[in-house]
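# Structural features, examined
Each chain, written out:
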Amino acid sequence: MKAIPYGKQNITQEDIEVVVDVLKADFLTQGPRIAEFEENFATYIGSSYAVAVSNGTAALHLAAMALGIEPGDRIITTPITFAASANCVLYCGGEVYFADIDPETYTISLEAVEKLLKAHPKGYFKGIVPVDFTGYPVNLEELKKLANEYGMWILEDACHAPGGFFIDSKGQKQGCGNSNYADAAIFSFHPVKHIASGEGGMITTNSKEVYEKLLVLRTHGITRENLIKDFPNPELQGGWYYEMQELGYNYRITDFQAALGNSQLKRADEGLERRQEIAEKYYASFSENKGIKVQKRSKDAYNAHHLFVIEVSDRKGLYDHLRVKNIYAQIHYIPVHLMPFYKKFGWKEGDFPNAENYYKKCISLPMYPSLTNDEQDYVIETVKSFL
Ligand SMILES: *Cc1c(COP(=O)(O)O)cnc(C)c1O
């Protein structure tokens, strides 16, 4: 059996051809494939606007800037996420706070968020970055009620969840990242994610104001539109004229990455369905097993399954056993507040018991559309034989 990773991209001949086409065309970057990808992605996710950037971390940074984080602003996120969900706050000079996870869904606990909010005066926290961890959608309708009450914006980290959705109180499907309840959402196109473009990211929003800020911030804060025209000699301005109006970055994606993303997007639903099949089989194989805890399922929450996580008591034993059998499971995630860098802010073991207990037991099993039935059977047998 060849090595089985926990996640993997799937590149087709068509993907290769669209990239080659861009390489033979006029624009390597800033070309027509970018706007096409943005439009198609916004349609797929159900948002009004989408802005493509160089990676998911850049998407978080720019979205945080566009939502207006200022030095000293306090922002809440979950400890069970990739560090970038928290780091984006620090890039803007803000302060990171955490709220513990729900021990069944592994996403941020709304009760813990409410408790934290209640412990401080209104206005103390400026925003929150919920993460649709594994692809499990955070109920943003509920979170939005709290955010409204306490005057916070919501930046949804939907990197794990394109295609995921929850059912709101009116019975409507609310797709992850559609920004109906969030102010903006972000995605990543790293090869392990649903849609791969090498490196790449996307911000979705329904706010025209946020959208326009993002466009300027993505490319150095430079614009040719909405000019202020306060240059000393306006008569000297010609067709070349542009203005740097803000301190932005070069967070652009390239045209060939956008072409690849676009091509992958066409197969997104197919990939999602295969992920559901794989998840169903894991649930069927493990749900009755006393030694294994599985992530909660709910009829109101469609998990997009970037990951399939189980909890076992001898996690290291299982991890090592799988390795020997050529199965490269992963751990998602070491709690962010226990990273040496975050400990410097005073966070310590014991701060978020649910997150810490989860971390001691969690392991992510192989989950990607091209995982074959035989490979999955082998993974399931190998897990069971260990237990
Ligand atoms: C992958 C990921 C990111 C960062 O995306 P990159 O494209 O790797 O920068 C951020 N948050 C979460 C939850 C992720 O899974």
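The rules behind each value
For every chain, the first residue of its written sequence is number 1, and the numbers climb from 1 along that sequence. Predicted model: local features are reported for residues with pLDDT of at least 70 only, side-chain atom pairs are reported and counted for 80 or more only, and whole-chain, interface and lining totals are derived from all residues. Note: side-chain values were computed over all heavy atoms of the structure, leaving out hydrogens and water. Starting at the N terminus, helices and strands are each numbered in turn, a helix being any DSSP run of H or I of at least four residues and a strand any DSSP run of E of at least two. C-alpha atoms define the radius of gyration, and 2.2 Å times the number of residues to the power 0.38 defines the globule rule. Contacts were defined at the residue level, with two residues in contact if any of their heavy atoms lie within 4.5 Å. In these tables, accessible area is a Shrake-Rupley quantity obtained with a 1.4 Å probe, and a residue counts as shielded only by the protein chains included in the view. Counted as positive: Lys and Arg. Counted as negative: Asp and Glu, with His and the chain ends omitted from the count. Where a charge lies is defined by one atom per residue type, namely NZ (Lys), CZ (Arg), CG (Asp) and CD (Glu). Pairing between strands requires that DSSP locate at least two bridges from one strand to the other. Here a salt bridge means any side-chain nitrogen of Lys or Arg lying within 4 Å of a carboxyl oxygen belonging to Asp or Glu. Relative accessible area decides the class of each residue, using a 1.4 Å probe on protein chains only: under 20% of the type maximum gives buried, over 50% gives exposed, and in between gives partly exposed. The arc under discussion is defined with respect to the helix axis, by the directions toward the C-beta atoms. N or O atoms within 3.5 Å of each other form a polar contact, as long as, within protein, one can give a hydrogen and the other can take it, and as long as residues adjacent in sequence are counted only when both atoms are side-chain atoms.

The chain is annotated in an unreviewed UniProt entry as UDP-4-amino-4, 6-dideoxy-N-acetyl-beta-L-altrosamine transaminase of Ulvibacter antarcticus.

### Details of the overall build of the chain
A count of helices and strands for the chain gives 13 helices and 17 strands. The C-alpha radius of gyration computed for the chain amounts to 22 Å, which stays within 12% of the reference 21 Å derived for 387 residues, consistent with globular compactness. Dimensions of the chain along its principal axes, counting C-alpha atoms only, are 80 × 55 × 45 Å. When contacts within the chain are restricted to residue pairs at least 6 apart in sequence, long-range pairs at least 24 apart make up 74% of them. For the chain, the computed accessible surface area is about 17,400 Å², with 51% contributed by carbon and sulfur atoms. Placing the 40 positive and 50 negative side-chain charges of the chain at their respective mean positions leaves the two points 5 Å apart.

### Examining the sheet that holds strand β14 (residues 301–302)
Ordered in space as β8-β7-β14, the three strands form an open sheet in which the pairing is antiparallel. Sheet topology places β8 (173–175) and β14 at the edges, where each strand pairs with a single neighbour. Relative to β14, strand β7 (residues 165–167) runs antiparallel, the two being bridged by two bridges. Residue pairing across strands places Phe166 opposite Ala301, the latter belonging to β14.

### Remarks on the pattern of salt bridges
A complete count under the given rule lists 18 salt bridges for this structure. Glu277 is the salt-bridge partner of Arg274, the closest N and O atoms lying 2.7 Å from each other. Remark: Glu277 and Arg274 occur in helix α9 (residues 268–286); sequence separation between them is three residues, near one turn of the helix. Assessed through its relative accessible area of 48%, Glu277 is described here as partly exposed. With its nearest N and O atoms 3.9 Å apart, the salt bridge here joins Lys299 to Asp300. A single network of salt bridges, built from pairs that share partners, joins Glu104, Lys293 and Glu311.

### A closer look at unusual backbone geometry
At the junction of His332 and Tyr333, the peptide bond is cis and its omega measures out at -5° in the coordinates. For Tyr333, the location among the structural elements is in the loop between β16 (327–328) and α11 (340–343). Unusually for a residue other than glycine, Gln30 sits at a positive phi of about 55°. For Gln30, the location among the structural elements is in the loop between α1 (13–24) and α2 (32–45). Among the residues examined, Gln30 registers a relative accessible area of 48% and is labelled partly exposed. Notably, Asn226 is not glycine yet its phi reads approximately 45°, a positive angle.

### Section: helix α5 (residues 110–118)
All of the buried residues in α5 are Leu110, Val113, Leu116 and Leu117. Projected down its long axis, α5 shows its buried positions confined to an angular sector of 120°, all on one face. Exposed positions of α5 whose direction lies more than 90 degrees from the buried face are Glu111, Lys115 and Lys118. Lining the buried residues of α5 we find β3 (74–77), β4 (95–98), β5 (127–129) and α6 (140–150). The backbone nitrogen of Glu111 lies 3.3 Å from a side-chain oxygen of the residue at the head of α5, namely Ser109.

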